[in-house]
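Chain by chain, the residues:
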Amino acid sequence: HPDVSFRFTADGKTVFFSPGDGKQETAVMSIYGVNTLKQMFRVDGSERGLILMGYLGVGELSRGNRSQQQFFINGRAMRSNLLSEAVEEGCRQRVMIGRFPMFALHLTMPYEAVDVNVHPAKTEVRFRDSGAIHRFIQHSISQVLARLGGQAAVHQRTVRLVPAPIR
């Protein structure tokens, strides 16, 4: 929640600070640092009631595991193999085999299209139309990466690649 400010201290030193200014890029910078944010790409996509927003890191930012993959669905942190696989397929040409993209992506969708009562801790979900969700995520990511040199809108989607703004 980029709009929530908090500070974590250990031995009197601030280890982590999030200003709570409501901006996704500030929250990503607070977690990963300014140098990582500078190398990430902003993802903005929408289609038929689905909205995908966030930041994606490929190439040198890829990791040896999926620990740096964060999905938020309708504001709630979730784990979804389906969504992770869709992002990874969209990044196939930009991430080496055996490596995984890092990302913090927010998916907003109609509440009736997702069942959050799959896991006792509500960290896993089931989708009413998992194929459509997978195609949307995969296509959105692949289109963003296909346009690394430009900032044009893609067909009927509003997917754009915008380098992360750093002040």
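See the structure printed just above.
Here the structure is a predicted model, which is why all the values come from computation and not from measurement.

**Description of the nonpolar core**
Right, so step 1: Ranked by internal contacts, the top residues of the largest apolar core, which has 27 residues, are L52, L56, V87, L107, M109, I137 and I141.
Right, so step 2: Broken down by secondary-structure element, the contributors of at least two residues to this core are β4 (50-57), β5 (69-73), α3 (81-90), β7 (102-108) and α4 (130-146).
Right, so step 3: Per-element tally for this core: the top contributor is α4, with 6 residues.
Right, so step 4: In terms of nonpolar packing, the next biggest core, distinct from the first, is built from 8 residues, V28, Y32, L37 and A104 among them.

**Remarks on the pairing of β4**
Right, so step 1: Of all 8 residues in β4, 6 are buried; the element is thus mostly enclosed.
Right, so step 2: Where strand β3 (residues 41-47) lies against β4, 7 bridges are found, and the strand directions are antiparallel. Paired with G45 across the strands is L52, a residue of β4.
Right, so step 3: As consecutive antiparallel partners, β3 and β4 are separated by 2 residues, and within that stretch R48 has a phi angle of approximately 40°, a positive value.
Right, so step 4: Of the strand pairs in this sheet, β4 and β7 are connected by 7 bridges, and their pairing is antiparallel. Bridge pairing links L56 to F103 in β7.

About the criteria used
Residues numbered from 1 in each chain as written. Predicted model: local features only at pLDDT ≥ 70, side-chain atom pairs only at ≥ 80, totals over all residues. Heavy atoms only, no water. Core = buried A, V, L, I, M, F, W, Y, C linked by side-chain atoms within 4.5 Å. Buried < 20%, exposed > 50% of the residue type's maximum accessible area, 1.4 Å probe, protein only. Helix = DSSP H or I, 4+ residues; strand = E, 2+ residues; numbered from the N terminus. Pairing = 2+ DSSP bridges.

Purely geometric stuff here, so don't read any function into it on its own.
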